[in-house]
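Observations on the three-dimensional arrangement
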Amino acid sequence: MPWYFYSFISSLSFAGMILCVRRLGDLGFASKQILLFLTGFSFLGFLGINLASPGALWSSPGLGAFILIMLIAGGCAVVGNWTDFEWIRRARNPGYAVSLRNGTILSTIVFSAFLFGS
């Protein structure tokens, strides 16, 4: 399947997730509760997929670097997702929050130039 189909499916899926987060927030659930279950269910799904076909991760010589980088990425994901869910929950229209968040493309472009020379 071409990359743009994945992009379209991703866009629709994230829109659905954002609307569900907003609805749960309107029902009184805290962002940290929503994230706990969302990441928990995601973890179980990806665990199942990776147990079925683990690949070369566990025998890789770069396993230590992988774990360190994933710890940093995980910390960024916790802070980013929690604040993201908070502003989706608090904004009058969740589309405003999403449009501001999509400004991450600018910081990604700048940091990529320094980190990856691209």
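Analysis parameters
- Residues numbered from 1 in each chain as written.
- Predicted model: local features only at pLDDT ≥ 70, side-chain atom pairs only at ≥ 80, totals over all residues.
- Heavy atoms only, no water.
- Phe/Tyr/Trp six-rings, centres within 6.5 Å; stacked < 30°, edge-to-face > 60°.
- Helix = DSSP H or I, 4+ residues; strand = E, 2+ residues; numbered from the N terminus.
- Buried < 20%, exposed > 50% of the residue type's maximum accessible area, 1.4 Å probe, protein only.
- Salt bridge = Lys/Arg side-chain N within 4 Å of Asp/Glu carboxyl O.
- 1 Å grid on protein atoms, 1.4 Å probe; cavity = no way out; pocket = protein on both sides within 12 Å on 5 of 7 lines; lining within 4 Å.
- Points joined across faces, edges and corners; volume = space filled by probe spheres on them.
- Nonpolar A, V, L, I, M, F, W, Y, C, P; charged D, E, K, R; others polar.
- Polar contact = N/O pair within 3.5 Å; in protein donor to acceptor, adjacent residues only side chain to side chain.
- Contact = heavy atoms within 4.5 Å.
- pLDDT = per-residue confidence, 0-100.

Here the focus is the packing of aromatic side chains. Applying the stated criterion across every chain, the model contains 3 aromatic pairs. Aromatic pair Phe-37 and Phe-41: ring centres 6.1 Å apart, planes at 50 degrees, arrangement tilted. Of the two residues, Phe-37 and Phe-41 both sit in helix 2 (residues 31-52), 4 residues apart, roughly one turn of that helix. Like Phe-41, Phe-37 is exposed. A connected cluster of aromatic rings, assembled from ring pairs, spans Trp-3, Tyr-4 and Phe-5.

Before going further, it helps to spend a moment on the pattern of salt bridges. What the rule picks out here adds up to 4 salt bridges. In this structure, Asp-84 and Arg-101 form a salt bridge, with 2.6 Å as the shortest nitrogen-oxygen distance. Placement of the pair is Asp-84 in helix 3 (residues 63-90) and Arg-101 in helix 4 (residues 94-101), with a sequence separation of 17 residues. Residue classification places Asp-84 among the buried residues on the basis of a relative accessible area of 6%. The class for Arg-101 is partly exposed, based on a relative accessible area of 23%.

Let us look at the layout of surface pockets. Of the volumes computed, that of the largest pocket is approximately 900 Å³. Surrounding the largest pocket, 24 residues form its lining, Thr-39, Ser-42, Phe-43, Phe-46 and Met-70 being those nearest its centre. When contributions to the lining of the largest pocket are tallied by element, the ones reaching two or more residues are helix 1 (3-26), helix 2 and helix 3. Ranked by residue count, the leading element in the lining of the largest pocket is helix 2, at 10 residues. Here the residues of the lining of the largest pocket are counted per class, giving 19 nonpolar, 5 polar and no charged.

A separate point is the side chain of Ser-31. If you trace the backbone, Ser-31 turns up in helix 2. Take Ser-31: its relative accessible area is 1%, and that puts it in the buried class. A polar atom in the side chain of Ser-31 sits 2.7 Å from the side chain of Glu-86. Not counting chain neighbours up to four residues away, the residues in contact with Ser-31 comprise Trp-82, Phe-85, Glu-86 and Arg-89.

Another point: the confidence of the model for the protein. Scored by pLDDT, the protein has a mean of 88; 100% of the residues are at 70 or more. Per-element averaging of pLDDT across the protein places helix 4 at the bottom with 82 and helix 2 at the top with 91.

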